[in-house]
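Listed below, chain by chain, are the residues.
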Amino acid sequence: MNVINKQILLSDGRTIEIETGRLAKQADGSAVVKMGGTMLLATVTAAKEVKEGTDFMPLTVDYKEKYYSAGRFPGGFMKREGKSSDYEILISRLIDRPIRPLWPDDFHLEVFVNVWLISAENDIQPDALAGLAASCALATSDLPFGGPISEVRVARIDGQFKINPNFSEMERSDLELMVAATEENIMMVEGEMKEVSEHDMLEAIKFAHEEIKRHCQVQKELMKELGTFETKRDYPHDVEDEDLRKAVHDACYDKCYALAKSAKPKHEREDGFNAIRDEFLATIPEEELEEKEPLVNRYFGHEQKEAMRNMILDEGLRLDGRATNEVRPIWCAVDYLPCAHGSAIFTRGETQSLATVTLGTKQDMKEMDEVLIQDDQQFVLHYNFPPFATGEAKSQRGVGRREIGHGNLAMRALKPVIPMMPENPYAVRVVSDILESNGSSSMASVCGGCLALMDAGVQITKPVAGVAMGLITDEVDPNNRYAILTDILGDEDHLGDMDFKVTGTADGITATQMDIKVDGLSYDVLEKALEQARQGRMHIMGEMLKTIDKPREDYKPFVPRIKSFEVDKEFIGAIIGKGGETIQKIQAETGAVINIDEIDGKGVVDIATNDAEAMQKAYDWIMGICAVPEVGQVYHGKVTSILEFGAFVEILPGKEGLLHISELDWGKTEKVEDVVNVGDELDVKLIELDAKSGKLRLSRRALMEKPEGYVEPVRRPRPSGDRNGSRDNRRDNRSGDRRDNRNGDRRSNDRGERRPRPEHRDNAPRENKPSEE
């Protein structure tokens, strides 16, 4: 084995180790990245031949967390890892996005990058190392990858930036970004913030890039040692036909430019471009068409892209006729769905989102069971993109990675303004169904979701809006000749050099996502782009607030009300009951949904129901279980059983006391049943509480007016000592008798006859009578 090790020293003294040559040696490239006890194995493999008809970069990235890495069993019946979770898909996207643009344009071999978490220290966040691990595996291969890159998490904790903080530190952060870059250029940014300024976000990106530069330098040293820095494998290149390329340019460029400038709607523009291409294809002899059509399609796509880019750079015009800083027309509506807890329609140009809000109990919260993260998510946002949103005629088959990524971005945008427990006891689910799409549907989800939350009565702290931005630059001079585009179209997204999305309130940014595909872009251009994004965001928010400017004061009538209160934690078991018997009985009899958790040493109870009477009944029941009886207090109770000497009355749930026959009335009571029967309800007063046994002594007559002239009957004095003492004395006397006769034969009488064993009269078993106690 040719094992090579490299180290990266972080500014706070922690070390990242890179090792190659020990594991997965048959892959085209492999590396292990280690930090503390956390280890990731990354591998890369590439196909030998290009699949027929492939004209793009077929890259697949999979991130998987092995449960054995943290000494855990996977959940589910099979007890083994299955399909990727949403969390793993999101990390796969974070690896994919920065490395996808760094391949030659004509490289079409299938490439597979796999990153596994194989050892997991509890407090270290492995996703921050995944991009570095993937790049290290690529660096050890001879594939023509344009890296290396690295990826880090930068957070601002207690006012200071820190690289790759631990899980335990994140609660104190107000900014969290994942930044990926080469040594020269920023490639990708994604993260969430608590209303941070554009300047602070840019400073965080700069801080992260300085750290990434050192990571890239270490990888280049590794590549030189392995011999992969300059030596790359050959691969099948695209066939070129320069004469055909020139013919396509001469015949199609001007037509594409004119069509791009005509500001036609999306589908008319697409049909027009197809007509221009088909017109050129008709000039090719039929016997050459099969060979040349793929080349024509590729060359025409280039001419189409260049025509649109030059129109924007030269004339400041866009495909739909807008200025570069202009937002498309917006219309909004709320309360569109009468039976949803909250609903809104947000339409911007040809992009439309139907957003809904559903409020539920703790039982409705999403459970996360990842290797290192076990948590209940109180707020979730789901994004759906059906084919009909773009006019495609095909079926919808499950949720794709893109939908998971867009939904996560919109969720992070809204999360900072949604009140969480204990202020908000509800589980909150927002769904954004995209009904039309021509650019920036994720930002439509943010705006529509915010409107729906306000319509539902969720007391968000501030409204949130989002905008998608684009950047087109000159290939030769990107920092002096460029155009920043506000509210980009779908075509502008594809033809641009950077697309980034920014969401926030009037006071700062809450989330961002940025992908940069151009080299040498300066921070000055980024700063101007962020300022233009802020202006666009504020314009969109102004249009939204014309429809609804603050959350409704109350929830819709059919939203379940939740009453939340605290009890002492020692009562949690009593409320739940043996095997859940008590809480299930409360729910069955009241129809309410009840949750109870221990939080910070207290029991927190939530009662959810639409029925106010059921809510009060469940609340009184639980408070009764938790109540401590007080001497002198009057209780309304129910007779549960009757004995010869009195009745037992339940005055609180699970708490009974003895109502002695003498305490039923001022006069003499012959039989308990003359006054009360089982099932009767009555008011009683607690007159005695035994501190040791907890037994309760009740009185009915104490609540009745004392008859005039009533004289308390004289009770017979007890023998010396208490009743227990008397019994002890009697036992002692009997013992004495036996002792006095101990010399005689206790089995025989004076005549020598055997003495029979004493038996109870009529040989009946002795009846166990309950004592008055």
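Rules used throughout
Every chain is numbered on its own, with residues counted from 1 as its sequence reads. Selection of residues for local features in this predicted model requires a pLDDT of at least 70, selection of side-chain atom pairs for listing and counting requires 80 or more, and totals for whole chains, interfaces and linings are taken over all residues. Only hydrogens and water are set aside; all other atoms, that is, all heavy atoms of the structure, feed into the side-chain values. Salt bridges are defined as contacts in which a side-chain nitrogen from Lys or Arg sits within 4 Å of a carboxyl oxygen from Asp or Glu. A run of H or I in DSSP becomes a helix once it reaches four residues, and a run of E becomes a strand once it reaches two; helices and strands are each numbered from the N terminus. Under the scheme applied here, a residue whose accessible area is under 20% of the maximum for its type counts as buried, over 50% as exposed, and between as partly exposed, the area being computed with a 1.4 Å probe on protein chains only. Two rings from Phe, Tyr or Trp (for Trp, the six-membered ring) form a pair when their centres sit within 6.5 Å of each other. Planes less than 30 degrees apart are called stacked, planes more than 60 degrees apart edge-to-face, and all others tilted. Remark: a charge is flagged as sitting over a ring if the NZ atom of Lys or the CZ atom of Arg is within 6 Å of the ring centre and within 35 degrees of the ring normal. A pair of strands is labelled paired if DSSP reports no fewer than 2 bridges between them. To obtain an axis, a line is fitted to C-alpha atoms, over the contacting stretch when the element is a helix, and the angle between two such axes runs from 0 to 180 degrees between their N-to-C directions. Throughout, a contact is declared for two residues whenever any of their heavy atoms are within 4.5 Å. Working rule for angles: under 35 degrees goes down as roughly parallel, over 145 as roughly antiparallel, 65 to 115 as roughly perpendicular, anything else as oblique. Note on convention: the crossing is left-handed when the near helix lies turned anticlockwise from the far helix by less than a right angle, right-handed when the turn is clockwise. Note on handedness: a crossover is taken as right-handed if, strands pointing away from the viewer, the path from the first strand over the helix to the second is clockwise. To estimate the expected span of a helix, count its residues, drop one, and scale the result by 1.5 Å. The disulfide criterion used throughout: a pair of cysteine sulfur atoms within 2.5 Å.

Explanation requested: the pattern of salt bridges in the structure shown.
Note that side chains of opposite charge can pair when their charged atoms are close. With the rule as written, the count across this model stands at 64 salt bridges. Between E663 and R701 there is a salt bridge; the shortest N-O distance is 3.4 Å. One end of the pair, E663, is in the loop between strand 27 (655-660) and strand 28 (681-689); the other, R701, is in the loop between strand 29 (696-699) and helix 14 (723-740), and 38 residues separate them in sequence. Residue classification places R701 among the buried positions, given a relative accessible area of 11%. Look at the salt bridges and you will find they share partners, linking R97, D127, R153, E176, E190, E192, R412, K415 and D515 into a network.

In this structure, what is going on with the environment of E230? I would like to understand it.
The topology assignment puts E230 in the loop between helix 3 (198-226) and helix 4 (242-261). Taking the relative accessible area as the measure of exposure, E230 reaches 71% and is therefore exposed. Sequence separation between E230 and A134 is 96 residues, and the spatial gap between their C-alpha atoms is 19 Å.

It is not clear to me how the packing of aromatic side chains should be interpreted in this structure. Could you clarify?
Aromatic rings considered in pairs are described by the distance between their centres and by the relative angle of their planes. Under the counting rule described, the total for this entry stands at 8 aromatic pairs. Taking the centre distance of 5.4 Å and the plane angle of 50° together, the rings of W103 and F145 count as tilted. Taken together, the residues W103 in the loop between helix 1 (86-99) and strand 6 (111-119) and F145 in the loop between helix 2 (127-139) and strand 7 (150-157) connect sequence positions 42 residues apart. F145 shares its class with W103; the two are buried. Grouping aromatic residues by their ring pairs yields a cluster made of W103, F107, F145 and Y235. Sitting above the plane of the Y619 ring, K563 keeps its charged end 4.7 Å from the centroid.

Looking at this structure, I do not really get the sheet that holds strand 24 (residues 602-609). What am I missing?
The strands making up a sheet associate through hydrogen bonds between their backbones, and the pairing can be parallel or antiparallel. Within the open sheet, the 3 strands sit side by side as 22-24-23. Their pairing is antiparallel. Looking along the sheet, the strands with just one partner apiece sit at the ends: strand 22 (561-568) and strand 23 (593-599). Adjacent strand axes in the sheet meet at a mean angle of 20°, parallel and antiparallel pairs treated alike. Both strand 22 and strand 24 contribute to a ladder of 8 bridges, which runs antiparallel. Along strand 24, the bridge assignment pairs R561 with T609. Together, strand 22, strand 23 and strand 24 form the strand contacts of helix 13 (residues 612-626), whose direction differs from that of strand 22 by roughly 5°.

Can you walk me through the packing of helix 1 against helix 2 in this structure?
To characterise two packed helices, one gives the angle between the axes of the helices and the distance between these axes. In contact at an axis separation of 10 Å, helix 1 and helix 2 are set at 45° when each is read in the N-to-C sense. In terms of orientation, helix 1 and helix 2 fall into the oblique class. Classified by chirality, the crossing of helix 2 by helix 1 is right-handed. Each of Y87, I91, I95 and I99 in helix 1 lies in contact with helix 2, whose residues at this interface are D127, A130, G131, A134 and L138.

Help me out: how do you make sense of the environment of L686 in this one?
With respect to the secondary-structure elements, L686 resides in strand 28. Separated by 27 residues in the primary sequence, L686 and L659 have C-alpha atoms spaced 9.4 Å apart. In contact with L686, other than residues within four places in its own chain, are P629, E630, V631, G632, Q633, Y635, L696, R697 and L698.

Could you clarify how one ought to interpret the sheet that holds strand 12 (residues 342-348) in this entry?
Across the sheet, which stays open at both edges, the 5 strands sit in the order 11-12-13-17-16 with mixed pairing between neighbours. Strand pairing shows two members of the sheet lacking a second neighbour, strand 11 (330-334) and strand 16 (379-384), which therefore form its edges. Shown here is a sheet whose adjacent strand axes are inclined to one another by a mean of 15°, direction ignored. In this sheet, strand 13 (residues 351-360) lies alongside strand 12 in antiparallel orientation, the contact comprising 7 bridges. Paired with S343 across the two strands is T356, which belongs to strand 13. The sheet strands contacting helix 8 (residues 441-456) are strand 11, strand 12, strand 13, strand 16 and strand 17 (427-436), and the helix crosses strand 12 at an angle near 145°.

Honestly, the pairing of strand 17 in this entry has me stumped. Any pointers?
Each regular strand displays side chains that alternate between the two surfaces of the sheet. The sheet contact formed by strand 13 and strand 17 spans 9 bridges and is antiparallel. Pairing of G360 across the sheet is with A427, part of strand 17. Pairing analysis gives 6 bridges linking strand 16 to strand 17, with the strands arranged parallel. Note that in strand 17 the partner of H382 across the bridge is V431. Following the chain from strand 16 across helix 7 (residues 401-414) to the adjacent parallel strand 17, one finds a crossover that is left-handed.

Got a minute to help me understand unusual backbone geometry in this structure?
Cis peptide bonds are those with omega within 30 degrees of zero, and the linkage from G147 to P148 qualifies with 10°. Mapped onto the elements, P148 comes out in the loop between helix 2 and strand 7. Along the chain, M421 connects to P422 via a cis peptide bond; the corresponding omega equals 5°. Along the chain, the position of P422 falls in the loop between helix 7 and strand 17. One non-glycine residue, A24, adopts positive backbone phi at about 50°. Phi at E195 takes a positive value of approximately 55°, unusual for a residue other than glycine.

Explanation requested: helix 13 in the structure shown.
Quick reminder: α-helices carry 3.6 residues per turn. Residues three or four places apart thus point the same way. The terminal C-alpha atoms of helix 13, which comprises 15 residues, lie 21 Å apart, in line with the 21 Å expected from a rise of 1.5 Å per residue. Listed in full, the buried residues belonging to helix 13 are A614, M615, A618, W621, I622, G624, I625 and C626.

Would you mind going over helix 7 with me for this structure?
Its 14 residues give helix 7 an end-to-end C-alpha distance of 20 Å, which sits within 8% of 20 Å, the value for a rise of 1.5 Å per residue. Buried residues dominate helix 7, accounting for 12 of its 14 residues. E403, I404, G405, H406, G407, N408, L409, A410, M411, R412, A413 and L414 are the residues of helix 7 that are buried.

Even after reading the chapter, I still don't get the state of the cysteines, so can you show me in this structure?
As used here, a disulfide is simply a covalent bond connecting the sulfur atoms of two cysteines. Counting across every chain of the model gives 0 disulfides. The cysteine C216 is free of any disulfide, with C136 supplying the nearest cysteine sulfur at 9.4 Å. On the basis of relative accessible area, C216 is assigned to the buried category, the value being 0%. Left without a disulfide partner, C252 is nearest to the cysteine sulfur of C256, which lies 5.9 Å away.

Any chance you could explain the side chain of E169 here in plain terms?
Residue position: E169 is located in the loop between strand 8 (160-163) and strand 9 (173-181). For E169, a relative accessible area of 13% gives the class buried. Ignoring sequence-local partners within four residues, the contact set of E169 consists of I157 and K162.

Before we go on, may I ask you to explain the packing of helix 2 against helix 3 in this structure?
Relative to each other, helix 2 and helix 3 sit at 25°, their axes nearing to 10 Å. Accordingly, the angle class assigned to the pair helix 2 and helix 3 is roughly parallel. Two packed elements cross with a definite hand, and for helix 2 against helix 3 that hand is right-handed. Between helix 2, through L132, S135, C136 and A139, and helix 3, the contact on the second element is made entirely by H215, Q219 and M223.

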